[in-house]
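What follows is each chain in one-letter form.
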Amino acid sequence: MKCIVLPEKFDYDGSQISSLWAYNSFGVQEDSVVVFRGACDVKIEHMIDLEDRRANESIWSEDMVSFIIEHFDSTDLKLIYARQRFFTALVRECLADLGVQTTREGDDLFLDGKKLTVSIASTSAVSQKIHFGINVSHEVYGNLKDAGIGEDKQVASFMKAVGEAYVREFEDIEKDLRKSRPLGAI
């Protein structure tokens, strides 16, 4: 699994959730997490959450950290939702390590009762995808700036730490798979 942290500003419009985006954009043909910071403005044609789409909701932020995760080992929707929840818990753990206490409800994190994150998971014919976004600054929702993680260096360090932590977890899982014997085996 590969982690790519984009050094330049990159906006999220929802098209990045499409399968093979990391390959088309960066030549990555393996499981990956691509991390970037920029504005978020998801157009209705890219909205995957049908409740949001039916309600004509907007998903928007002037400054958001986005994680685009792609796995090629399955196209199981239940599995990618489990991975999405795992990633949410991992982000919460990384924030706690920085002294930021959040609460989790499913795949959402809240800071002082305000929604801090957005997330969606889906599948395609070839892969599973997750978009997970964290507001850096936002007047209405929770944000990293209010949590004391507002300086560019702090945000960049956090982005890298979370992406690399996810990769380490999956590398560790792969090692565990190769040392466990099946039940009933001698």
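Predicted model, so just to flag it, every value in this text is computed and none were measured. (Residues numbered from 1 in each chain as written. Predicted model: local features only at pLDDT ≥ 70, side-chain atom pairs only at ≥ 80, totals over all residues. Heavy atoms only, no water.)

A. Quick peek at the overall build of the chain. Looking only at helices and strands, the chain features 4 helices and 8 strands. The order of α-helices and β-strands along the chain, N terminus first, is β-α-β-α-β-α-β-β-β-β-β-α. A compact globule built from 186 residues would reach a C-alpha radius of gyration of about 16 Å, and the chain, at 17 Å, matches this within 12%. Overall size of the chain, expressed as C-alpha extent along the three principal axes, is 60 × 40 × 30 Å. When burial is assessed residue by residue, the chain has 42% of its 186 residues classed as buried. Considering only intrachain contacts with a sequence separation of at least 6, the fraction spanning at least 24 residues in the chain is 70%. Surface summary for the chain: the accessible area is close to 10,300 Å², and the carbon and sulfur share equals 48%. Distance from the positive charge centre (22 side chains) to the negative charge centre (32 side chains) of the chain: 4 Å. (Helix = DSSP H or I, 4+ residues; strand = E, 2+ residues; numbered from the N terminus. Rg over C-alpha atoms; globule rule 2.2 N^0.38 Å. Buried < 20%, exposed > 50% of the residue type's maximum accessible area, 1.4 Å probe, protein only. Contact = heavy atoms within 4.5 Å. Areas by Shrake-Rupley, 256 points an atom, 1.4 Å probe, with all protein chains shown as cover. Lys, Arg positive; Asp, Glu negative; His and termini not counted. Charge placed at Lys NZ, Arg CZ, Asp CG, Glu CD.)

B. Region of the structure containing the state of the cysteines. Within the structure shown, the criterion is met by 0 disulfides. A disulfide-free cysteine, Cys3 has its sulfur positioned 11 Å from the sulfur of Cys94, the nearest such atom. In this structure Cys40 is a free cysteine whose sulfur lies 19 Å from that of Cys3, the closest cysteine sulfur available. Owing to a relative accessible area of 0%, Cys40 belongs among the buried residues under this scheme. (Disulfide = S-S within 2.5 Å.)

C. How the structure looks around the sheet that holds strand β8 (residues 128-137). The 5 strands are arranged β1-β2-β3-β8-β7 in an open sheet whose pairing can be described as mixed. Each edge of the open sheet carries a strand with a single partner, namely β1 (2-5) and β7 (117-123). The sheet shows a mean angle of 25 degrees between the axes of neighbouring strands, direction not considered. As defined by bridge partners, strand β2 (residues 32-42) adjoins strand β3 (residues 59-71) across 10 bridges and the pair is classed as antiparallel. Bridge pairing in β3 places Val42 opposite Ile59. (Pairing = 2+ DSSP bridges. Axes fitted to C-alpha atoms, helices over the stretch in contact; angles between N-to-C directions.)

D. Molecular detail of the nonpolar core. Counting 30 residues, the largest nonpolar core has Phe67, Phe87, Val91, Leu95, Phe132, Ile134 and Phe158 as its most contacted members. Contributing elements (two or more residues each) for this core: β2, β3, α3 (77-97), β5 (108-111), β8 and α4 (152-177). With 8 residues, α4 is the largest single contributor of residues to this core. When near neighbours in sequence (up to four residues on either side) are disregarded, Phe67 contacts Val33, Val34, Val35, Phe87, Ile130, His131, Phe132, Ile134, Met159, Val162 and Gly163. (Core = buried A, V, L, I, M, F, W, Y, C linked by side-chain atoms within 4.5 Å.)

E. Quick peek at a negative patch on the surface. Residues Glu93, Asp97, Glu169, Glu171 and Asp172 make up a contiguous surface patch of negative charge. Mapped by element, the contributors of at least two residues to the negative patch are α3 and α4. No other element matches α4, which puts 3 residues into the negative patch. Here Glu169 lies in helix α4. With a relative accessible area of 31%, Glu169 lands in the partly exposed category. (Patch = residues over 30% accessible without salt bridge, like charges linked within 9 Å, V, L, I, M, F, W, Y side chains within 5 Å. Salt bridge = Lys/Arg side-chain N within 4 Å of Asp/Glu carboxyl O.)

F. Representation of a nonpolar patch on the surface within the structure. Taken together, Leu20, Tyr23 and Val126 make up a surface patch of nonpolar side chains, about 230 Å² in accessible area. Along the polypeptide, Val126 turns up in the loop between β7 and β8. Note on Val126: relative accessible area 41%, which makes it partly exposed.

G. Focus on the sheet that holds strand β6 (residues 114-115). Strand order in this open sheet of 3 strands is β4-β5-β6, and the pairing throughout is antiparallel. The two strands at the open ends of the sheet, each matched to only one other strand, are β4 (103-105) and β6. As judged from the 3 bridges shared by β4 and β5, these two strands associate in the antiparallel manner. Considered in β5, the bridge of Thr103 is made with Phe110.

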